[in-house]
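Results of the structural survey
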Amino acid sequence: MVSKQATDKDALVLAKLDEIEAELKRIGFWSETPEMTEPANFLEAPSFELWLQCVFLPHAREAAGKGTYPDRSQVGLMALRQYDYHSYVPEAQTLLKLLHEFDRLIENE
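**Topic: the pattern of salt bridges**
For the coordinates displayed, the defined rule picks out nine salt bridges. Its salt-bridge partner being Lys25, residue Glu21 comes within 2.8 Å of it at the nearest N-O pair. In this pair, Glu21 and Lys25 both sit in helix H1 (residues 8-26), four residues apart, roughly one turn of the helix. A relative accessible area of 16% places Glu21 in the buried class. Overlapping salt bridges, with partners in common, bring together Lys16, Glu19, Lys97 and Glu101 in one network.

Right under this line is the structure:
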């Protein structure tokens, strides 16, 4: 099997995912023992934070490992709806910024 050569984009995406994980932990949105099966979408998850931890991060890391990305990413928009539309969550604002930065990385070739 031929291994895929990592690109600069792959490295940037993986670094951003590490920042997102670190921020989830810093603000207390990370569960050391998450109890969640993989939902079909983030609306079926017990919380947006668990979806980020258990679905988004592993899938995004897998995509970066393969260098296969979707054309668009809207995780920043989903976070905006979660943390800034109906109620403002001050501790989540850095996380929100990081997720928007992730979207831009994915959409910029």
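**What to know about the packing of helix H2 (residues 48-66) against helix H3 (residues 75-85)**
Where H2 meets H3, the axes come as close as 11 Å, and the angle between the chain directions of the two elements is 160°. Our classification of the angle between H2 and H3 gives roughly antiparallel. Regarding H2 and H3, the two cross each other, and that crossing is left-handed. Only Val75, Met78, Ala79, Gln82 and Tyr83 of H3 make contact with H2, whose side of the interface consists of Phe48, Glu49, Trp51, Leu52 and Phe56. Residue classes in the contact of H2 with H3 are distributed as eight nonpolar, one polar and one charged.

**What to know about H2**
Taking 1.5 Å of rise per residue, the 19 residues of H2 would be expected to cover 27 Å, and the 25 Å separating its terminal C-alpha atoms lies within 8% of that figure. By the largest-angle criterion, Phe56 marks the main kink of H2, which is about 35°, and a proline, Pro58, follows within four residues. Listing the buried residues of H2 in full gives Phe48, Glu49, Leu50, Trp51, Leu52, Gln53, Val55, Phe56, Leu57, Ala60, Ala63 and Ala64. Looking at the packing, one finds that the buried side of H2 touches H1, H3 and helix H4 (93-107).

**Topic: the packing of aromatic side chains**
Given two aromatic rings, their pairing is described by the distance between the two centres and the angle made by the two planes. Taken as a whole and judged by the stated rule, the model has five aromatic pairs. Look at Phe56 and Phe102: their rings are 5.0 Å apart centre to centre, the planes differ by 85°, and that puts the pair in the edge-to-face class. Placement of Phe56 in helix H2 and of Phe102 in helix H4 is noted, with a sequence separation of 46 residues between them. Judged by relative accessible area, which is 8%, Phe56 ranks as buried. Classification of Phe102 as buried rests on a relative accessible area of 4%. The structure contains a cluster of three or more aromatic residues connected by ring pairs, namely Phe29, Phe48, Trp51, Phe56, Tyr83 and Phe102. Residue placement shows Lys9 over the ring face of Tyr69; its charged tip is 4.7 Å from the ring centre.

**Observations concerning the confidence of the model for the protein chain**
Averaged over the protein chain, the pLDDT score is 89; the fraction of residues at 70 or greater is 95%. Within the protein chain, H1 carries the highest mean pLDDT (97), whereas H3 carries the lowest (89).

**Quick word on the environment of Leu95**
With respect to the secondary-structure elements, Leu95 resides in helix H4. Among the residues examined, Leu95 registers a relative accessible area of 0% and is labelled buried. Along the sequence, Leu95 and Arg26 sit 69 residues apart, while their C-alpha atoms lie 9.9 Å from each other. Not counting residues up to four positions away in its chain, the partners in contact with Leu95 are Ile20, Glu23, Leu24, Ile27, Phe29, Leu52 and Tyr83.

Criteria and cut-off values
- Residues numbered from 1 in each chain as written.
- Predicted model: local features only at pLDDT ≥ 70, side-chain atom pairs only at ≥ 80, totals over all residues.
- Heavy atoms only, no water.
- Salt bridge = Lys/Arg side-chain N within 4 Å of Asp/Glu carboxyl O.
- Helix = DSSP H or I, 4+ residues; strand = E, 2+ residues; numbered from the N terminus.
- Buried < 20%, exposed > 50% of the residue type's maximum accessible area, 1.4 Å probe, protein only.
- Axes fitted to C-alpha atoms, helices over the stretch in contact; angles between N-to-C directions.
- Parallel < 35°, antiparallel > 145°, perpendicular 65-115°, else oblique.
- Left-handed = near helix turned anticlockwise from the far one by under 90°.
- Contact = heavy atoms within 4.5 Å.
- Nonpolar A, V, L, I, M, F, W, Y, C, P; charged D, E, K, R; others polar.
- Expected span 1.5 Å × (residues − 1).
- Bend = angle between axes of the 7 residues up to and from the residue.
- Phe/Tyr/Trp six-rings, centres within 6.5 Å; stacked < 30°, edge-to-face > 60°.
- Lys NZ or Arg CZ within 6 Å of the ring centre and 35° of its normal.
- pLDDT = per-residue confidence, 0-100.

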